[in-house]
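Chain by chain, the residues:
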Amino acid sequence: MSRPAYRRPEYQKINKDLFVLTYGALVAQLCKDYEKDEDVNKYLDKMGYGIGTRLIEDFLARSCVRRCHSYSEVTDIIAQVAFKMYLGITPSVTCNNASRNEFSLILDKNPLVDFVEELPAGRSSLCYCNLLCGVIRGALEMVHLSADVSFLQDRLKGDKVTEIGITFLKKLDEKKYRRKK
Ligand code: MYR
C-alpha cells in the first residue's frame, strides 16, 4: 500500500479564519471581563508582548535576516519580512521625524479584522488589534531595541487608514547588541 505524500508544510499552517475568529473571541471575552477599554488595550498589549518575546527566535531563525544598522532598516524588516511572514501583508513604512526614530506602518489590509465591521457598541477607545503592538514591542526588546508601539489611526474607528506608530527609545548600542551578524 502506498503511503500518502509527506506534506509537512501544510500541517504547519494554521487556518487563517480560525485564527482570526479566535482572536475575535479573545477580544470579545476581554470586553466582558473589563469595563474600561484602556484595561482591554493593556491586556492585549501585555499578551502580545509575551508572544513577541517568544516569536523573535522563530522569526530570526526562519527569516535569516541580518543585523540591522538603523531604525529605518529594522522597521522595513518588520513591515516587509515579519508582517508578510506572519500576517501575509506588507504595510508601507513612513518615517515621521528628522531624528529618524519615529516610524509608521500603514496597513491597507488587516487580516485580524476580516470579520469585524465596527467596534462593539460603547467601546470607542478599544484598540482592537493592540496585541500587534505588544508583539512588535516584545520582539524588539529581545534584540535590545526599546520602543513605544501604538495605534495612531484605526479604520475601525473611522480613520482612513490603519496606522501603527513605532518610536524607538534608545540609540542602537553596538556593545549591548545581542546579535553578532
Ligand atoms: C536585528 O537584529 O538587527 C534585526 C532586528 C529585526 C527585528 C524584527 C522584529 C520582528 C517583529 C515581529 C512582528 C510580527 C508582527 C506580526
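Residues numbered from 1 in each chain as written. Predicted model: local features only at pLDDT ≥ 70, side-chain atom pairs only at ≥ 80, totals over all residues. Heavy atoms only, no water.

### Let's talk about the overall build of the chain
Selection rule: Strands here are runs of E lasting at least two residues and helices are runs of H or I lasting at least four, both read from the DSSP assignment and numbered beginning at the N terminus. For every residue, the accessible area (1.4 Å probe, protein chains only) is compared with the maximum for its type, and the residue is labelled buried under 20%, exposed over 50%, or partly exposed between those bounds. Every residue pair with non-hydrogen atoms within 4.5 Å of one another is taken to be in contact. The Shrake-Rupley method, run with a 1.4 Å probe, gives the accessible areas here. Residue values count only the displayed protein chains as cover.
Per the secondary structure count, the chain includes 5 helices and 4 strands. Taken from the N to the C terminus, the helices and strands of the chain come in the order α-α-α-α-β-β-α-β-β. For the chain, the proportion of its 181 residues judged to be buried stands at 41%. The long-range fraction of contacts in the chain, counting pairs at least 24 apart against all pairs at least 6 apart in sequence, stands at 61%. Accessible surface, the chain: about 11,500 Å² in total, of which carbon and sulfur atoms supply 52%.

### Re the nonpolar core
To keep it simple, the criterion reads: We call a set of buried residues a nonpolar core when its members are Ala, Val, Leu, Ile, Met, Phe, Trp, Tyr or Cys and they connect through side-chain atoms within 4.5 Å of each other.
In terms of nonpolar packing, the biggest core is built from 46 residues, with Phe-83, Tyr-128 and Ile-164 touching the most fellow members. Of all the elements in the fold, those that place two or more residues in this core are helix H2 (16-33), helix H3 (37-63), helix H4 (71-87), strand S2 (102-107), helix H5 (130-142), strand S3 (147-153) and strand S4 (162-168). Each residue touching Phe-83, except ones within four places of it in the same chain, is listed here: Ile-78, Gly-88, Ile-89, Pro-91, Leu-105, Leu-107, Leu-132, Ile-136 and Ile-164.

### Quick notes on unusual backbone geometry
Backbone geometry at Cys-64 places phi at a positive 55°, although glycine is not the residue there. Take Cys-64: it is sitting in the loop between H3 and H4. Residue Cys-64 is classed as exposed on the basis of its relative accessible area of 58%. Of note, His-144 is a non-glycine position whose phi angle comes to about 65°, a positive value. The residue His-144 is located in the loop between H5 and S3 in this model.

### Section: the confidence of the model for the chain
Rule in force here: pLDDT expresses how confident the predictor is about each individual residue, on a scale running from 0 to 100.
With 87% of its residues at a pLDDT of 70 or more, the chain has an overall mean of 90. Two numbers describe this predicted complex: its pTM, 0.89, and its ipTM, 0.97.

### Section: the packing of aromatic side chains
Rules: Between the rings of Phe, Tyr and Trp (Trp by its six-membered ring), a pair exists once the centres lie within 6.5 Å; its type follows the angle of the planes, with under 30 degrees stacked, over 60 edge-to-face, and the other angles tilted.
Under the defined criterion, the tally for this structure stands at 5 aromatic pairs. Here the aromatic rings of Tyr-34 and Tyr-43 are separated by 5.8 Å at their centres, their planes lie at 45°, and the arrangement is tilted. A relative accessible area of 29% means that Tyr-34 is categorised as partly exposed. Look at Phe-103 and Phe-168: their rings are 6.0 Å apart centre to centre, the planes differ by 80°, and that puts the pair in the edge-to-face class. Of this pair, Phe-103 sits in strand S2 while Phe-168 is found in strand S4, placing the two residues 65 residues apart along the sequence. For the pair Phe-103 and Phe-168, one class covers both residues: buried. Ring-pair connections join several aromatic residues into one group, and the members of that group are Tyr-71, Phe-103 and Phe-168.

### Describing the pairing of S4
Rules: Two strands form a pair only when DSSP identifies at least two bridges running between them.
Judged by how many residues are buried, S4 sits mostly within the fold: 6 of 7 residues are covered. For S2 and S4, the ladder comprises 6 bridges, and the chain directions are antiparallel. When the bridges of S4 are listed, Ser-104 appears paired with Gly-165. Alignment of S3 against S4, held across 6 bridges, turns out to be antiparallel. Paired with Asp-148 across the strands is Thr-167, a residue of S4.

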